[in-house]
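A closer look at the structure
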Amino acid sequence: MASTPHVDPASAPIIAPGHTFRTVTDKIASIVLARRTPLHWFLGFAIAFGIAQLVLLTIVRLLFWGIGSWGVTVPVGWGFDIINFVWWIGIGHAGTLISAILLLLKQEWRTSINRFAEAMTLFAVACAAQYPLFHTGRPWIAAYWLLPYPNTMGLWPNFRSPLIWDVFAVTTYASVSAVFWYVGLIPDFATLRDRAKNKLMAMVYGVASMGWRGSARHWHNYESAYLLLAGLATPLVVSVHTVVSFDFAVGVLPGWHATIFPPYFVAGAIYAGFAMVLTLAIPLRSWYGLKDFITDRHLDNMAKVMLATGLVVAYGYAMEAFFAWYSASSWELFMIQNRMFGPYGHMYWALILCNVVAPNTLWWPRLRHSTAWLFFISLVVSVGMWLERYVIIVTSLHRDFLPSSWGMYQGTVWDWSFFIGTIGLFLTLMYLFVRFLPAISMFEMKTILPGARVEEHHG
Amino acid sequence: MSALHGLMAEFDDPKAVVEAAEAARMAGYRKMDAYSPYPIEALSEALALPKSHVAKICLAGGIFGLVAGYGLQYWSSVIEYPMNIGGRPFHSWVAFIPPAYETTILFAAFSAVLGMLALNGLPQPYHPVFNVPAFAGASRDKFFLCIEAEDPLFDVEKTRAFLAAQPGVAAVAEVQP
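Since this is a predicted model, take the numbers as computed values, not measurements.

Assigned secondary structure in chain B consists of 5 helices and 4 strands. Secondary structure elements of chain B occur, N-terminal to C-terminal, as β-α-β-α-α-α-β-α-β. For 177 residues, the compact-globule estimate of 2.2 N^0.38 gives 16 Å, and chain B exceeds it by more than 25% at 25 Å. The principal-axis extents of the C-alpha atoms in chain B amount to approximately 80 × 30 × 30 Å. Split into buried and exposed, the 177 residues of chain B put 49% on the buried side. Counting only contacts in chain B whose residues sit at least 6 apart along the sequence, the fraction spanning at least 24 positions is 79%.

Residue and element names in this part refer to chain B. Here we have 4 strands laid out as an open sheet, ordered 2-3-1-4, and antiparallel in their pairing. The outermost strands of the open sheet, each flanked by one partner alone, are strand 2 (32-35) and strand 4 (169-175). Here the strands of the sheet are splayed against their neighbours by 20° on average, with no regard to which way each runs. Where strand 2 and strand 3 (residues 143-148) come together, 4 bridges link them in antiparallel fashion. Among the inter-strand pairings, Met32 is bridged to a residue of strand 3, identified as Ile147.

On to the confidence of the model for chain B. Confidence along chain B averages 91 in pLDDT terms, with 99% of residues attaining 70 or more. Here strand 4 of chain B stands out as the element of chain B with the lowest mean pLDDT, 86, in contrast to helix 4 (residues 93-119) of chain B, whose mean of 96 is the highest.

Residue-level contacts link 59 residues of chain A with 73 residues of chain B. Carbon and sulfur atoms supply 65% of the area buried between chain A and chain B, which totals about 5,800 Å² over both sides. Our count for the chain A to chain B interface comes out at 3 salt bridges. When the shortest N-O distance is used, the salt bridge between Arg217 of chain A and Asp33 of chain B registers 3.6 Å. At the junction of chain A with chain B, the criterion picks out 26 residue pairs in polar contact (both at pLDDT 80 or more). Contributions of two or more residues to the side of chain A that touches chain B are made by helix 1 (21-33), helix 6 (162-195), helix 8 (216-249) and helix 16 (442-447) of chain A. The leading source of residues in the side of chain A that touches chain B is helix 8 of chain A, at 17 residues. A per-class count over the side of chain A that touches chain B returns 28 nonpolar, 19 polar and 12 charged.

Take helix 14 (residues 371-398) of chain A next. An ideal rise of 1.5 Å per residue puts 40 Å on 28 residues; helix 14 of chain A measures up with 40 Å between its terminal C-alpha atoms. Within helix 14 of chain A, 21 of the 28 residues are buried, which leaves it mostly tucked inside the rest of the structure.

It is worth spelling out the pairing of strand 3 of chain B at this point. Residues and elements named next belong to chain B. Of all 6 residues in strand 3, 6 are buried; the element is thus mostly enclosed. Taking every second residue as pointing to the same face, both faces of strand 3 are buried, with Phe143, Leu145 and Ile147 on one and Phe144, Cys146 and Glu148 on the other. Pairing of strand 1 (residues 6-11) with strand 3 involves 6 bridges; the strand directions are antiparallel. Bridge pairing in strand 3 places Glu10 opposite Phe144.

Right, let's talk about unusual backbone geometry for a bit. The amide bond that connects Val74 of chain A to the next residue, Pro75 of chain A, takes the cis arrangement and shows omega of 5°. That bond from Leu122 of chain B to Pro123 of chain B is cis: its omega, -5°, falls within 30 degrees of zero. You can see Pro123 of chain B is positioned in the loop between helix 4 and strand 3. Here Met210 of chain A, not a glycine, exhibits a phi torsion of approximately 60°, which is positive. The class for Met210 of chain A is buried, based on a relative accessible area of 16%. One non-glycine residue, Ala328 of chain A, lies in the positive phi region at around 55°. Mapped onto the elements, Ala328 of chain A comes out in the loop between helix 10 (296-326) and helix 11 (330-341).

Definitions and limits used
Residues numbered from 1 in each chain as written. Chains lettered and ligands numbered in written order. Predicted model: local features only at pLDDT ≥ 70, side-chain atom pairs only at ≥ 80, totals over all residues. Heavy atoms only, no water. Helix = DSSP H or I, 4+ residues; strand = E, 2+ residues; numbered from the N terminus. Rg over C-alpha atoms; globule rule 2.2 N^0.38 Å. Buried < 20%, exposed > 50% of the residue type's maximum accessible area, 1.4 Å probe, protein only. Contact = heavy atoms within 4.5 Å. Pairing = 2+ DSSP bridges. Axes fitted to C-alpha atoms, helices over the stretch in contact; angles between N-to-C directions. pLDDT = per-residue confidence, 0-100. Buried area = accessible area lost by both parts, 1.4 Å probe. Salt bridge = Lys/Arg side-chain N within 4 Å of Asp/Glu carboxyl O. Polar contact = N/O pair within 3.5 Å; in protein donor to acceptor, adjacent residues only side chain to side chain. Nonpolar A, V, L, I, M, F, W, Y, C, P; charged D, E, K, R; others polar. Expected span 1.5 Å × (residues − 1).

Following this line, the structure appears as structure tokens:
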């Protein structure tokens, strides 16, 4: 294979040639049904699970000591908790984009990556949820602040606040994503049920499949529901990061109060999400021998989406600076000057380097087709997107209208342990997912195999 | 009346099952179902399945979600506990749009899924087709057409001969109830 000439991945087939219904099923199902768990799985899982313990440690510390163990204080009352929340929620967006929007656009290549991208969405939202849940230090209070339920105090949430909109957007997003994911899994659960050698596993997958038997009448309703879910998830995913951006844009602070925020946040979310999908897909396909399904064409397409959304994000940065100048508001001008050359200036320029300069190397086919470089760039983008949220949140808060109330912010060791812990939690969930559920949708892969489609003839 | 659930023909090729389903419908069979490892639009066409009702259920769920979401906000902010927050009107309809938008999608999505499951009669712990050992292939790479005993034209011998005569048929099995 090493001597084959360079082929442009853009013209390659979505699935490597030679596959049949049987080989696709067996290849994907064997990862889940294999009796022996590969050693590298145990190793990776142990490391991820170990890191995830930091979440528990941090939460225990938080509940005993209160949020004093974090770096947030006046004037920076929003720190790592909201930075990490927005970062994780953003990462989740690529999963829904791949599963819903690319389905509606009939982008068949999405089929190989939608299942694990959806899993990534769910796990990223689960990580994101930790922060708003615990950011008060008194999570039990959050119940009546956030959720409209008839409590003994007769209190209701303030529906005029974007923070409540956020609760509705994120919980809806998590619920709909979970349902979408599960519906996609039902036929694959049936396959695992029929293929499992172990009685117990056959029963577990059987219950999960709800007795799915692949009836044409069932597929008929199923296809309709699946398409409707995609149609509903599309406006939903756009609304989620829009509402997240409202948390900032509805405020009056310079640097937050900007109309560009919703589209700029949505593009940033997709950008970060595709970076994470690449970060996961590149090792996954080589560890489990899935290069026939997640081909170089997939990586190439994802790199292009990442580059395009990266350019939208770069436009957002340019517009932020332009708005500050064009507004002729001294507060806005000061904000952008402080952001670029103030005490956090190094973070701003690091963000520009990670999010604007680095991804532009993907214009060169040679670099884009280098798996190692793509993997590196996807990590750089993840770092850049985290820096972006840090810069937006901290630089606007730390020096507001009144110089007497200025201050500096820095995350404490507990801020970092919570953040690193959720990365461990995310990886733990990914490891469990790859071991117990089919990482690629088997029934959807079959629909795109040559010979799968039957022409309808009327008459 | 036979004690069987029906007769099931097995096919290796999606085209063959579609053609067999079409032939069975032409022959006058109505109580039948086809099984495939992935959705085949032509198969729904061949069986002349009526339009799915999932979309209507989804629409009804969405409208309910919109009314319920907006109604909750109106009732709690205007009727149950009106509170002056920053001088904004009790009925701040613009601010009520995002949560109502989300509840619309939430209820529509859940209605679509629960509606789909209900119309399909799932979850279903038992079904006779699983009594055919080869049926395990229906979730892998095999295609099946089952003519059920309830069909008025059903006759074990004649139906078996009809199914066995279909091009591309691999086997015909009796489905125990």
